[in-house]
Amino acid sequence: MEPVALRVLPGIDRLHLAELALPAWHPRAADGVGLVLGYVVHHPDGPIVVDTGVGRGSDLIDELYRPTVHDLVARLAEVGVDERDVAAVVCSHLHFDHCGQNASLRAPVHVQAAERVAAVAPHYTVPEWAALPEERWRVANGDVELADGVRIVATPGHTPGHQSVVVTGGDEVVVLAGQCAYTAAEFAGGTVPVEDVHDPSWHASALDSLRRLRSLQPARVVFAHDAAEVTA
Ligand SMILES: [Zn+2]
């Protein structure tokens, strides 16, 4: 069956979820502060949350990143969303700064199978934040039609199971790229620094994923770590 597009693009709000103090060894240390952003798509069938930011209570993360954590539920309320109404959560990947507040919501959480496998490795994430009761997971191998006009697209590279969200309404396409690119400028330039990929063997995949998203000719692209956007 052909995917159903929406006649009108739903509203998409940015959720400012955390700031991190980037340590000297971090590839983006020169930035000083790392911004952590999630998004909510105000879909007619119920809000869809993309990435849930940093959690609380990890001594390791507190020590490494001295995070300022903002409450996901409060951020949702600011844009008119009651957390009990959230229809679906999409985690672009399971690093600690993208799944940290999954437990604050009740909705199913969509991930790639490859990401769940990757997340079991030591030092990959905060295991407690990447863990959920089994019934909340929705695990995919590749692309998924999540709702009318909303497609999850597998974009491996930054991690083995990274995924992005593509929203289509009318003639417009909006891409929620997650960490497929770290910055809007890199997306626009079609580049991914090798330090941003899972390991160097994933660099070609990362570039393929970026090409795939760019080929959709999106009117707007938003990112997990950059408040700047790419617009057509
Ligand atoms: Zn990451």
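Going by the structure above, here's the rest.
What you see is a predicted model; the values in this text were computed from it and never measured. (Residues numbered from 1 in each chain as written. Predicted model: local features only at pLDDT ≥ 70, side-chain atom pairs only at ≥ 80, totals over all residues. Heavy atoms only, no water.)

**What to know about the coordination of the zinc ion**
Working step 1: The zinc ion binds to the protein through His-93 (NE2), His-95 (ND1), His-158 (NE2) and Gln-179 (OE1), with metal-donor distances spanning 2.1 to 2.7 Å.
Working step 2: Taken together, the 4 donor atoms coordinating the zinc ion and their angles of 82 to 174° define a geometry best described as irregular.
Working step 3: For His-93, a relative accessible area of 0% puts it in the buried group. (Donors = N, O, S within 2.8 Å, 3.2 Å for Na, K, Ca; no water. Tetrahedral: all angles 85-135°; square planar, octahedral: opposite > 155°, others 65-115°. Buried < 20%, exposed > 50% of the residue type's maximum accessible area, 1.4 Å probe, protein only.)

**Observations concerning the pairing of strand β8 (residues 144-147)**
Working step 1: Pairing of β8 with strand β9 (residues 150-154), which is carried by 3 bridges, proceeds in the antiparallel orientation. Across the sheet, the residue bridging to Ala-147 is Val-150, located in β9.
Working step 2: Counting the residues that bridge the hairpin from β8 to β9 gives 2 residues, and of these Gly-149 lies at a positive phi of roughly 75°. (Pairing = 2+ DSSP bridges. Helix = DSSP H or I, 4+ residues; strand = E, 2+ residues; numbered from the N terminus.)

**Some thoughts on helix α6 (residues 203-215)**
Working step 1: End to end, α6 covers 18 Å across 13 residues, agreeing with the expected 18 Å (1.5 Å per residue, within 8%).
Working step 2: Among the residues making up α6, those that are buried are Ala-206, Ser-209, Leu-210 and Leu-213. Taken around the axis of α6, the buried residues stretch over an arc of 100°, which confines them to a single face. Looking at α6, the residues exposed on the side facing more than 90 degrees away from the buried face are Ala-204, Arg-211 and Ser-215.
Working step 3: The inward-facing, buried residues of α6 abut β10 (163-169), β11 (172-176) and α5 (184-189).
Working step 4: Just downstream of α6, Gln-217 is the residue with a positive phi angle, here 50°. (Expected span 1.5 Å × (residues − 1). Arc of directions from axis to C-beta. Contact = heavy atoms within 4.5 Å.)

**Structural notes on a nonpolar patch on the surface**
Working step 1: Together, Trp-25, Leu-60 and Leu-64 line one region of the surface with nonpolar side chains, adding up to about 320 Å² of accessible area.
Working step 2: By the secondary structure assignment, Leu-60 is in helix α1 (residues 59-65).
Working step 3: A relative accessible area of 52% places Leu-60 in the exposed class. (Patch = residues over 30% accessible without salt bridge, like charges linked within 9 Å, V, L, I, M, F, W, Y side chains within 5 Å. Areas by Shrake-Rupley, 256 points an atom, 1.4 Å probe, with all protein chains shown as cover. Salt bridge = Lys/Arg side-chain N within 4 Å of Asp/Glu carboxyl O.)

**Overview of the pattern of salt bridges**
Working step 1: Inspection of every chain in the model, using the stated rule, returns 11 salt bridges.
Working step 2: Across the salt bridge formed by Arg-151 and Asp-143, the nearest N and O atoms sit 3.9 Å from each other.
Working step 3: Owing to a relative accessible area of 30%, Arg-151 belongs among the partly exposed residues under this scheme.
Working step 4: Between Arg-212 and Asp-143 there is a salt bridge, and its shortest N-O distance comes to 2.4 Å. Pair noted here: Arg-212 is in helix α6 and Asp-143 is in the loop between β7 (137-140) and β8, with a separation of 69 residues, a long-range link.
Working step 5: With a relative accessible area of 34%, Arg-212 lands in the partly exposed category.
Working step 6: Given a relative accessible area of 32%, Asp-143 falls into the partly exposed group.
Working step 7: Linked by salt bridges that have partners in common, Asp-143, Glu-145, Arg-151 and Arg-212 make up one network.

**A closer look at the sheet that holds strand β4 (residues 68-69)**
Working step 1: Read across the sheet, 7 strands follow the order β4-β1-β2-β3-β5-β6-β7 without closing on themselves; strand pairing throughout is mixed. Edge strands, defined here as strands with exactly one partner in the open sheet, are β4 and β7.
Working step 2: As judged from the 4 bridges shared by strand β6 (residues 109-112) and β7, these two strands associate in the parallel manner. Pairing of His-110 across the sheet is with Arg-138, part of β7.

**Describing the sheet that holds strand β13 (residues 230-231)**
Working step 1: Ordered by their spatial adjacency, 6 strands build an open sheet running β8-β9-β10-β11-β12-β13, and the pairing between neighbours is mixed. Whereas interior strands pair on both sides, the edge strands pair on one side only; in this sheet they are β8 and β13.

**With respect to the layout of surface pockets**
Working step 1: The computed volume of the largest pocket comes to approximately 710 Å³.
Working step 2: Every residue lining the largest pocket is counted, 30 residues in all, and those nearest its centre are Tyr-65, His-95, Phe-96, His-123 and Tyr-124.
Working step 3: Every element with two or more residues in the lining of the largest pocket is listed here: β2 (33-41), α1 and α3 (96-99).
Working step 4: With 4 residues, the single largest contributor to the lining of the largest pocket is α1.
Working step 5: Partitioned by chemical class, the residues of the lining of the largest pocket number 15 nonpolar, 12 polar and 3 charged.
Working step 6: Its boundaries defined by the atoms lining it, the second largest pocket holds a volume of some 210 Å³.
Working step 7: If one sorts the elements of the lining of the second largest pocket by residue count, β9 sits on top with 3 residues.
Working step 8: Of the residues in the lining of the second largest pocket, the class split is 8 nonpolar, 2 polar and 3 charged. (1 Å grid on protein atoms, 1.4 Å probe; cavity = no way out; pocket = protein on both sides within 12 Å on 5 of 7 lines; lining within 4 Å. Points joined across faces, edges and corners; volume = space filled by probe spheres on them. Nonpolar A, V, L, I, M, F, W, Y, C, P; charged D, E, K, R; others polar.)

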